[in-house]
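Now for the letters of each chain:
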Amino acid sequence: MAQSAMLQLAADSLQLTAKDFYRQSKVAACCQLLAASFITPCSLLAGSRTFTMTRTRKKWIYFFGLATVVALLPLVVKGGYYLLVLNIIAINGLVVLGLNLLIGFAGQISLGHAAFFGMGAYFSSIFTTMYNTPPWATLLAVMVFTALVAYLLGIPTLRLAGHYLVMATLGFNIILYILMVQMEYWTGGPSGLSGIPPLHLGSFPIQGDLHYYWLLWGFFLAVFFLSLNLVDSRMGRALRAIHENELVANALGVNTERYKVIIFAISAAYASLAGSLYAHYLSFISPKTFDIFYSVQIVTMVVVGGIGNLWGGLLGAAVLTALPEVLHAMRDYAALLYGVILMGVLVFFPEGLLPGLVKLWSERRAAKTVASD
Amino acid sequence: MIWSQLPQFFVSGLTSGSIYALIALGFGIIHNATGIVNFAQGEFVMLGAMTMISLTQVIGLPLFIAFPLAVLAVMAVGWLMEIGPIRRARSDSILILVMITVGASITIRETAMHIWGKTPRTLPPFSGDEPLVLGNAAILPQTLWILGITLLVVVLLSFFFSRTMVGKAMRAVAENRRGAALIGIGVYRMTLLSFVLSGGIGAVAGIIITPITTMSYSAGIMLALKGFAAAILGGYGSMKGAVLGGLLLGAMETFGAGFVSSAYKDAFAFLILLLVLFIRPTGLFGKEEIKRV
């Protein structure tokens, strides 16, 4: 897979050298990203016979399957508590999606995504409660602002490698957490902010767990859709090349630094969106949600689900969000079991839960066909 | 008036710095043997202190017997962690192994909560609590113990790594894993040894700091974070860097608390750390990594 990504990338470079001059600008890269997100499904509708297209078609079949499940789930799942858990899965899923792009495709580890999550939540809350700004516009502005902060932070930070990058993002998270606790006038200090207004669609207020279920999962599916496209775009291939080998990618003409910073900003924007939605949904936030443990948890979800596998990331988010709820019955032993299960999954499914289970399943199926022959 | 407190800042910076240095050394030893960050390093520190508390207060052993026993107990935990999840892992990906240590850290922490409860515990100082007054600074006897024992550990470690065969073998593994295996060094045994050694050093740090700060089951997280920051500041994997990084971080924290504000002391320390990284991406004493295709 790595090799084919490299080959495709090389082909891209050859075909597009004429346009490369234009591609140098960062704005162009973003336009390219947006364009790519819409081109893929269009070409799917047009119908194509190449191998990659059948893979793409399969991908969209899965996607529509997921959308159907999301649409039908409220018929089965009743009660605020289960909806709450599902909604939190959507929020965590959004953050995981961004981080998975960063870890799985660009190969950069961030232990600071709770900070971007918190920036979304806090800025949305502060502006909408203290200055009565319109929530949707604020959400969008905060997203852009967070992406910008991540972009500026990414320029010096993403030059760092390995543990140093981890420390830098961790440090950023800790500093932001301390600011959340200390700047009491703005953030309400350790006890947090409450009374965050709910969102409206036109004049229609979104309230209650079911309304938010549609909103949050709607957002998740939209962003998931964009991300699935992004991964198969030129940018996605460039990122995968960086993940495989940064030097080779660079030698092939990928502007590795630029791509890394852009994907960092994109993943921060995802986290910020999730944070704003979280704040409006629960109408109460406190710094504890945005400490480094959340960052670690999000990385865990990515790793457990399957690094670089967006579907796996969703599974990881779902399993690790629901697990503490399931283990709740064990009372004091819940956290202990969580640790043991986490270790067990990582020891036995190091490639991630979803790829691991798929492999296990296909092996069994192969064994069965052999037996029946 | 703040200048007159300078010696006091210096003493407390040196004290917490020594502890950070010990934890950073633990991080460095495991990193050199395996390339991973051991998130359970802070739990080693906590376990050392808690075992010591049980040995002296429940069983009633004297200090000088309980100390080595507690260190041995945590070494055993390090040993178990390596032969268990780390060796069984069906992957050699650094990230997976690091996340396994996250799982181990949660497991150890929660087990400790069930054994020792949630209330913070403490140890009596090793030799009284009559402070020595030296000019403007008051020095607790325990501070002297901390400085002395840290110095002893550092000296012993540097002797171990530069003079003994096993220590040299560990350095060879850190330098080049495959090369070391080719000349007949048992790489897996060295990995095991690194976990045992880190467990021991962590335990020492926990035991000597507890009389000053108290210890609870969850205290390991913050200590590990500071130790990790110290190791990064000095240059990850460098022994000299770990010690100096620890002392520097301790100093930054206390001076930050004194001159900036105590509420922002951690923010201040981490801000400086970030700035250092931006200027020197591999820490103060870290080696520039040469990338190969």
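Counting starts from 1 at the beginning of each chain's written sequence and moves along it residue by residue. Written order decides the labels, with chains lettered from A and ligands numbered from 1. The predicted nature of this model means local features are confined to residues of pLDDT at least 70 and side-chain atom pairs, given and counted, to a pLDDT of 80 or more, with totals for whole chains, interfaces and linings taken over all residues. Heavy atoms from the whole structure form the basis of all side-chain values; hydrogens and water molecules are not counted.

K.L.:
I'm lost on the overall build of chain A in this one. Help?
P.N.:
A count of helical and extended segments in chain A gives 17 helices and four strands. Accessibility here uses a 1.4 Å probe with only protein chains present; expressed as a share of the type maximum, an area under 20% marks a residue as buried, one over 50% as exposed, and anything in between as partly exposed. The buried share of chain A, reckoned over its 373 residues, is 53%. Contacts were defined at the residue level, with two residues in contact if any of their heavy atoms lie within 4.5 Å. Put simply, of all contacts in chain A between residues at least 6 apart along the chain, 79% involve residues at least 24 apart. The Shrake-Rupley method, run with a 1.4 Å probe sphere, supplies the accessible areas, and residue values consider only the shown protein chains as cover. Carbon and sulfur atoms provide 70% of the accessible area of chain A, an area that totals close to 16800 Å². Labels follow the DSSP assignment, with helices taken as runs of H or I lasting at least four residues and strands as runs of E lasting at least two, numbered in each case from the N terminus.

K.L.:
Looking at this structure, I do not really get the interface of chain B and chain A. What am I missing?
P.N.:
Reports often express the size of an interface as the amount of accessible area lost when the parts come together. On the side of chain A, 45 residues touch chain B, which itself brings 47 residues to the contact. Buried area: the accessible surface (1.4 Å probe) lost by two parts on joining, summed over both. Summed over both partners, the interface of chain B with chain A buries about 3900 Å², with 81% contributed by carbon and sulfur atoms. When residues of chain B are sorted by the area they lose upon contact with chain A, B:Leu95, B:Met99 and B:Phe278 head the list and together hold 15% of the total. The term salt bridge refers to a side-chain nitrogen of Lys or Arg lying within 4 Å of a carboxyl oxygen of Asp or Glu. Across the contact surface, chain B and chain A share zero salt bridges. In protein, a polar contact requires one atom able to donate a hydrogen and another able to accept it; more generally it is a pair of N or O atoms within 3.5 Å, and residues adjacent in sequence count only if both atoms are side-chain atoms. Linking chain B with chain A are seven residue pairs in polar contact (both at pLDDT 80 or more), by the criterion used here. Every element with two or more residues in the side of chain B that touches chain A is listed here: helix H3 (63-88), helix H4 (94-116), helix H9 (219-234) and helix H11 (265-279) of chain B. Across the side of chain B that touches chain A, the residue classes tally to 30 nonpolar, 11 polar and six charged. Residues were grouped as follows: Ala, Val, Leu, Ile, Met, Phe, Trp, Tyr, Cys and Pro as nonpolar; Asp, Glu, Lys and Arg as charged; and all remaining residues, including Gly, as polar.

K.L.:
Explanation requested: a nonpolar patch on the surface in the structure shown.
P.N.:
Residue and element names in this part refer to chain A. Patch membership is restricted to residues that have no salt bridge and whose relative accessible area is over 30%. Joining uses 9 Å for like charges and 5 Å for the nonpolar side chains Val, Leu, Ile, Met, Phe, Trp and Tyr. A cluster of nonpolar residues, Phe127, Met130, Tyr131, Met183, Tyr185 and Trp186, forms a patch on the protein surface that exposes about 620 Å² of accessible area. Among the elements of the structure, helix H6 (113-130) and helix H9 (184-187) are those that each provide at least two residues to the nonpolar patch. Positionally, Tyr131 belongs in the loop between H6 and helix H7 (135-157). The exposure class assigned to Tyr131 is partly exposed, which follows from its relative accessible area of 45%.

K.L.:
Is there a simple way to think about unusual backbone geometry in this case?
P.N.:
If a residue is not glycine, its phi is most likely negative; likewise, a peptide bond is most likely trans. All names here are of chain A. Backbone geometry places Asn132, a non-glycine residue, at a positive phi of 55 degrees. Locating Asn132 in the fold gives a position in the loop between H6 and H7. Unusually for a residue other than glycine, Ser283 sits at a positive phi of about 55 degrees. With respect to the helices, strands and loops of the structure, Ser283 is situated in the loop between helix H13 (256-282) and strand E4 (284-285). Taking relative accessible area as the criterion, Ser283 reaches 30% and is therefore assigned partly exposed.

K.L.:
So what exactly am I meant to see when it comes to the confidence of the model for chain A here?
P.N.:
Low-pLDDT portions of the prediction should not be read for the details of their coordinates. Residue and element names in this part refer to chain A. Scored between 0 and 100, pLDDT is the confidence that the predictor attaches to each residue. On average, residues of chain A score 85 in pLDDT, and 85% of them reach the 70 mark or higher. A low-confidence stretch, residues 13-31 (pLDDT under 50), is modelled with 18 contacts involving residues beyond four sequence positions or located in other chains. In the model, residues 38-51 has pLDDT below 50 throughout and makes 11 contacts with residues more than four positions away in sequence or in other chains.

K.L.:
For this particular structure, what's the right way to read helix H5 (residues 141-163) of chain B?
P.N.:
Note that an α-helix has 3.6 residues per turn; residues three or four places apart therefore point the same way. Residue and element names in this part refer to chain B. A helix is expected to reach a length of 1.5 Å times the quantity of its residues less one. With 23 residues, H5 extends 32 Å between its outermost C-alpha atoms, agreeing within 8% with the 33 Å of an ideal straight helix rising 1.5 Å per residue. When we look at burial in H5, the residues that qualify are Pro141, Gln142, Thr143, Ile146, Ile149, Thr150, Val153, Leu157, Phe160 and Phe161. As for H5, its buried residues are in contact with helix H1 (6-34), H3, strand E2 (137-139), helix H6 (165-175), helix H8 (187-213) and helix H10 (239-259).

K.L.:
I would appreciate a short explanation of the pattern of salt bridges in the present structure.
P.N.:
Between side chains of opposite charge, a pair can form when the charged atoms approach closely. Per the stated rule, a full pass over the model turns up nine salt bridges over all chains. The closest approach of N and O atoms between A:Lys359 and A:Glu351, which form a salt bridge, is 3.2 Å. Residues B:Arg87 and B:Glu82 are paired through a salt bridge, measuring 2.9 Å at the closest nitrogen-oxygen approach.

K.L.:
Teacher, can you tell me more about the packing of H1(B) against H10(B) here?
P.N.:
Two packed helices can be described by the angle between their axes and the distance between those axes. All names here are of chain B. Lines fitted to the C-alpha atoms define the axes, with helices restricted to the stretch that makes contact. Angles between their N-to-C directions range from 0 to 180 degrees. Where H1 meets H10, the axes come as close as 6 Å, and the angle between the chain directions of the two elements is 145 degrees. By crossing handedness, the relation of H1 to H10 is classed as right-handed. In terms of residue class, the contact of H1 with H10 is built from 17 nonpolar, 11 polar and one charged. In this scheme, a crossing is called left-handed if the near helix is turned counterclockwise away from the far one by less than a right angle; it is called right-handed if the turn is clockwise.

K.L.:
Would you explain the side chain of A:Ser233 in this entry?
P.N.:
All names here are of chain A. Take Ser233: it is sitting in the loop between helix H10 (208-231) and helix H11 (234-244). The buried category is assigned to Ser233, whose relative accessible area is 8%. Separated by 2.6 Å, the side chain of Ser233 and the backbone oxygen of Leu230 make a polar contact.

K.L.:
Looking at this structure, I do not really get the environment of B:Thr15. What am I missing?
P.N.:
Residue and element names in this part refer to chain B. Residue placement: Thr15 occurs in helix H1. A relative accessible area of 8% places Thr15 in the buried class. Sequence separation between Thr15 and Ile83 is 68 residues, and the spatial gap between their C-alpha atoms is 34 Å. Engagement of the side chain of Thr15 in a polar contact is seen with the backbone oxygen of Val11, the distance being 2.7 Å.

K.L.:
Teacher, can you tell me more about the packing of helix H5 (residues 80-105) of chain A against H13(A) here?
P.N.:
Residue and element names in this part refer to chain A. One can describe the packing of H5 onto H13 by two numbers: an axis separation of 7 Å at closest approach and a directional angle of 165 degrees. As judged from the angle between their axes, H5 and H13 are roughly antiparallel. Once H5 is placed against H13, the crossing between them reads as left-handed. Only Ile263, Phe264, Ser267, Tyr270, Ala271, Leu273, Ala274, Leu277, Tyr278, Tyr281 and Leu282 of H13 make contact with H5, whose side of the interface consists of Leu84, Asn87, Ile88, Ile91, Leu94, Val95, Leu97, Gly98, Leu99, Leu101 and Leu102. Of the residues that constitute the contact of H5 with H13, the class distribution is 19 nonpolar, three polar and no charged. Note that the term roughly parallel is reserved for angles under 35 degrees, roughly antiparallel for angles over 145, roughly perpendicular for angles of 65 to 115, and oblique for everything else.

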